[in-house]
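Structural features, examined
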Amino acid sequence: MIQFLQAVFDGLSQGGVYAVLAVGVAVVSAVMSFPNFAHGWLVMWAASITVSLTAAIPLLPALLIATAIVVVIAVVGGRLTFLVGSPAGSEVLMLKSLAFGLVLQAAAVLFFGDAPRLYPAPDWSGGVIVLGDLRISAASLTSLSVALVALGGVLILLRATDLGLKMRATAQSMSTAALVGVRTRRVVTTALVIAGVLACIASFLWYAKAGSVTPRSGLEITMVAFVALVLGGLRNIGGAVLGGLLLGLVDSFMAAYLPSDVQGLTRALTYTLLIAVLLLRPDGLLQRKVVPTK
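Not measured: the values here are computed from a predicted model.

Moving on, we come to the packing of helix H1 (residues 2–32) against helix H10 (residues 237–257). Two elements in contact, H1 and H10, have axes separated by 6 Å at closest approach and are oriented at 145°. Along this stretch, H1 crosses H10, giving a crossing that reads as right-handed. Of the residues contributing to the contact of H1 with H10, the split by class is 19 nonpolar, eight polar and two charged.

See below:
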């Protein structure tokens, strides 16, 4: 029973990180109708900048400065990639976002080098809370708490504000929203800002646990976010949260109950889950299947 409860808590903690990643992608996906594959490299850039800055300043100001820089990168890069040039379909935009991510990776190798660098986790993150036989690390508890606050804030913004209404209108139809006076380019920019902030939050949660940063880790982060997003539905913010939590639980239970000699296949099994969902529920777990009328 203790092993089960430990797996549940660890899964929810890791799932909260995955959910923050997925929501960061889903915010842009909702208004642009395609997943932003550059998101994982924004997460990596936030961590790389933080590592560089903490050589001279404390962690908290380094995180704030890294957030400001990454938001600028997300907005400028996103607008140049998605809003400049001739109108393109979602497939072309998706490939452009992937190309933007690879540009960010090459730039990170140029600026920061290709070798892994130690991420400056706070001293308190190594603490452990013991409840009977259940062990809760301070890092896991912090991850879950920060993820819940960040996700709650985004959901309130999208569901209970005028800005959220405009974003939902743009998600339904950008051209129709523009006809009724919504400044759709400003809405897209706002989505990019939110995604940039979420990328920085996810960066702290991800790399504080991973321990080190490499410029080539952006692809893995993007794929994890994409799997979580597909589980819930590509344009569904609530589905992204559910998909992230579910993916975290799957990872945790596989780590707890699979034999040690096959635990190296955890990520492969995760991608197998993705294929199964795409085959059985291609619209995601929370998306309603649209049946065409005759």
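Relative orientation of the contacting elements H1 and helix H8 (residues 184–210) amounts to 165°, with a least axis distance of 9 Å. When the axis of H1 is compared with that of H8, the two are roughly antiparallel. Pair H1 / H8 crosses with left-handed handedness. Here Gln14, Val17, Tyr18, Val20, Leu21, Val23, Gly24, Val27, Val28, Val31 and Met32 of H1 lie close against H8, whose contacting residues are Val187, Val188, Ala191, Leu192, Ile194, Ala195, Leu198, Ile201, Ala202, Leu205, Trp206 and Lys209. Its residues placed into classes, the contact of H1 with H8 shows 20 nonpolar, two polar and one charged.

Throughout the structure, instances matching the rule amount to six aromatic pairs. Taken together, a centroid distance of 5.4 Å and an interplanar angle of 55° make the contact between Phe4 and Phe253 tilted. Of this pair, Phe4 sits in helix H1 while Phe253 sits in helix H10, and the two are 249 residues apart along the sequence. The exposure class assigned to Phe253 is partly exposed, which follows from its relative accessible area of 24%. By the ring-pair criterion, three or more aromatic residues cluster together here, those being Trp45, Phe111 and Phe112.

With that settled, consider the environment of Ser52. Tracing the chain through its elements places Ser52 in helix H2 (residues 39–53). A sequence separation of 14 residues divides Ser52 from Ala66, and the C-alpha atoms of the two residues are 9.7 Å apart. Apart from residues no more than four positions distant in its own chain, Ser52 is found in contact with Phe112 and Arg117.

There is a patch of nonpolar side chains on the surface, built from Met1, Ile2, Phe4, Leu5 and Tyr257 and spanning about 510 Å² of accessible area. With three residues, H1 is the single largest residue contributor to the nonpolar patch. Locating Met1 in the fold gives a position in the segment before H1. The exposed category is assigned to Met1, whose relative accessible area is 72%.

Procedures and definitions
- Residues numbered from 1 in each chain as written.
- Predicted model: local features only at pLDDT ≥ 70, side-chain atom pairs only at ≥ 80, totals over all residues.
- Heavy atoms only, no water.
- Axes fitted to C-alpha atoms, helices over the stretch in contact; angles between N-to-C directions.
- Helix = DSSP H or I, 4+ residues; strand = E, 2+ residues; numbered from the N terminus.
- Left-handed = near helix turned anticlockwise from the far one by under 90°.
- Nonpolar A, V, L, I, M, F, W, Y, C, P; charged D, E, K, R; others polar.
- Parallel < 35°, antiparallel > 145°, perpendicular 65-115°, else oblique.
- Contact = heavy atoms within 4.5 Å.
- Phe/Tyr/Trp six-rings, centres within 6.5 Å; stacked < 30°, edge-to-face > 60°.
- Buried < 20%, exposed > 50% of the residue type's maximum accessible area, 1.4 Å probe, protein only.
- Patch = residues over 30% accessible without salt bridge, like charges linked within 9 Å, V, L, I, M, F, W, Y side chains within 5 Å.
- Areas by Shrake-Rupley, 256 points an atom, 1.4 Å probe, with all protein chains shown as cover.
- Salt bridge = Lys/Arg side-chain N within 4 Å of Asp/Glu carboxyl O.

Take it as geometry only, folks, not as evidence of what the structure does.
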